[in-house]
Amino acid sequence: MAGLLAIAVLFSTLASVPQGAPLPTAPATTTRVGQTYTLKASLNTSLSRLSVVERARLTNEASHPIEHVNFSVLPRAFGYFALTGAVQVDGAAVATRWTTTTNLRVQLGRSLDPGDEVLVRIPFRLRVGSSGGAFTARTSLDRGVLSLGEWFPIVSRQHDSYAVGDPQVTRTADEVTLELTTDARMPRNAVACAGREHAPATVGRHWTCHVRRVRDFSLVINPRFRLTTRTADGVTIRVYTQTVDGTVTANRAKAAMLALNDLYGQYPWSDLVLAEVGADGGFSMEYPRSIHLTRTKVTDAYVLNHEVAHQWFYAQLGNDQMRAPWLDEAFADFTARWLMGIGRSQCSTRDVDSTVFAWPAGKTTGGDWLSCDGYFHAVFYKGSEFLTKVRLAMGTHRFFSSLRAFIADHRHGLVSTRELLDFLQARSDTDLLPIYRRYLHTYD
């Protein structure tokens with residue numbers, strides 16, 4: 001009887017809609033948003049508390065009006081994040097709602113037509129602790145070193161924190177500017193950030209960093225940093241270390257940069273920053289133009305090659321890191337092994353193109369990383385094996401030239417498994433589908 005009543009209500013609702021009119025839909029949003037971020041931040045060094053006013057200028061680049069946008073706020077999963085005032089759109093307070101642990105829905109207060117823009121103001125505070133596990137190189141405070149990755153509200157699709165893989169799902173922003181003030185004077189090289197435009201001559205309290213065409217922005221703060229620099233094909237490589245001399249790291253990063261410029265096309269930015277975080281354990285982490293290295297991995301050859309490769313696969317060629325993590329991780333693993341001439345056996349029965357949700361995990365802890373069917377064996381090692389099979393089938397020269405062409409055509413965009421692999425198939429004289437079907441559920 002309840003089912004018949006529900007059907008009757010549905011038909012009654014449909015009958016009330018004028019003939020030919022569109023059916024009611026959910027409030028519209030999009031991730032196709034032009035983005036420019038300005039972050040004015042004040043750091044209380046004794047409390048490791050960061051007070052920030054974020055201004056995000058957003059332009060609707062979709063073909064339809066939108067009513068709200070979603071901001072990813074990953075530090076909230078750890079309890080680090082708090083709003084310190086009303087969120088405003090064009091100077092007026094608007095309604096907001098946490099739809100997941102880490103997704104802040106911001107109503108725009110009006111229907112934003114295609115091409116129109118708004119200015120969103122988000123005041124917030126971060127009080128960071130030691131994050132542990134896979135997150136120590138992201139946003140964490142360890143041994144007096146403050147690492148800030150995935151730390152500010154950024155436009156994304158609605159999702160939640162998940163402790164397997166890299167949880168950020170973002171499009172490329174036009175610009176990000178950080179204006180940082182500290183309550184205590186610190187040395188010039190205490191702040192490791194890409195696009196550094198202003199820093200004290202020796203010691204001081206003000207830093208400015210400005211980057212263009214990036215899908216995220218990170219930094220590491222440590223008054224005990226020492227700086228080592230190199231130049232590779234016109235790119236300045238800045239290495240910030242505390243516990244080791246930066247020479248080995250800088251030399252290996254330079255070698256990787258030169259090799260990857262040849263393999264995949266010229267690195268498109270003016271600098272690359274590598275910074276040592278405070279934790280020994282956990283995993284190093286990549287960001288556009290920036291790499292956070294855990295202390296046991298600062299000079300590790302594989303890690304450095306892997307993380308520099310991420311400057312092409314993720315930073316330039318974007319992917320949904322939760323739904324298709326193999327598109328950056330398998331390519332980074334394959335590339336590191338190619339540069340070093342090393343292989344790796346794998347024993348996974350899982351598909352290479354599995355989502356991160358194939359591995360049960362909490363929001364900030366858990367996940368099977370190391371077993372045969374764990375995340376590393378399936379996504380990294382089996383993914384590397386898969387790409388090796390494709391390279392051999394296509395031929396090495398055609399494989400790498402095809403990837404260079406694809407990256408050039410899609411730089412700063414987001415791509416899918418099918419987009420990339422269909423492109424390789426179109427450039428191959430060999431039928432790649434049997435290889436695809438063996439390793440991927442996408443081609444079942």
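Residues numbered from 1 in each chain as written. Predicted model: local features only at pLDDT ≥ 70, side-chain atom pairs only at ≥ 80, totals over all residues. Heavy atoms only, no water.

Draft legend 1. How the structure looks around the side chain of His412. Position of His412 relative to the elements: it lies in the loop between α6 (396–410) and α7 (417–426). For His412, a relative accessible area of 15% translates into the label buried. (Helix = DSSP H or I, 4+ residues; strand = E, 2+ residues; numbered from the N terminus. Buried < 20%, exposed > 50% of the residue type's maximum accessible area, 1.4 Å probe, protein only.)

Draft legend 2. Seen up close, the state of the cysteines. Counted under the stated rule, the structure contains two disulfides. Across a sulfur-sulfur distance of 1.9 Å, Cys347 and Cys372 are joined as a disulfide pair. Looking along the S-S bond of the Cys347-Cys372 disulfide, the torsion reads about -95°, which is the left-handed sense. One end of the pair, Cys347, is in the loop between α4 (326–340) and α5 (375–394); the other, Cys372, is in the loop between α4 and α5, with 25 residues separating them in the sequence. Residue classification places Cys347 among the partly exposed positions, given a relative accessible area of 34%. Cysteines bonded in the protein chain are numbered consecutively along the chain; their disulfide partners then correspond to 1-2, 3-4. (Disulfide = S-S within 2.5 Å.)

Draft legend 3. Highlighting α5. Between its first and last C-alpha, α5 extends 27 Å over 20 residues, near the 28 Å set by a 1.5 Å rise per residue. Largest kink in α5: about 30°, centred on Lys382. Most of α5 sits inside the fold, with 15 of its 20 residues counted as buried. Positive phi shows up at Gly395, right after α5, with a value of about 95°. (Expected span 1.5 Å × (residues − 1). Bend = angle between axes of the 7 residues up to and from the residue.)

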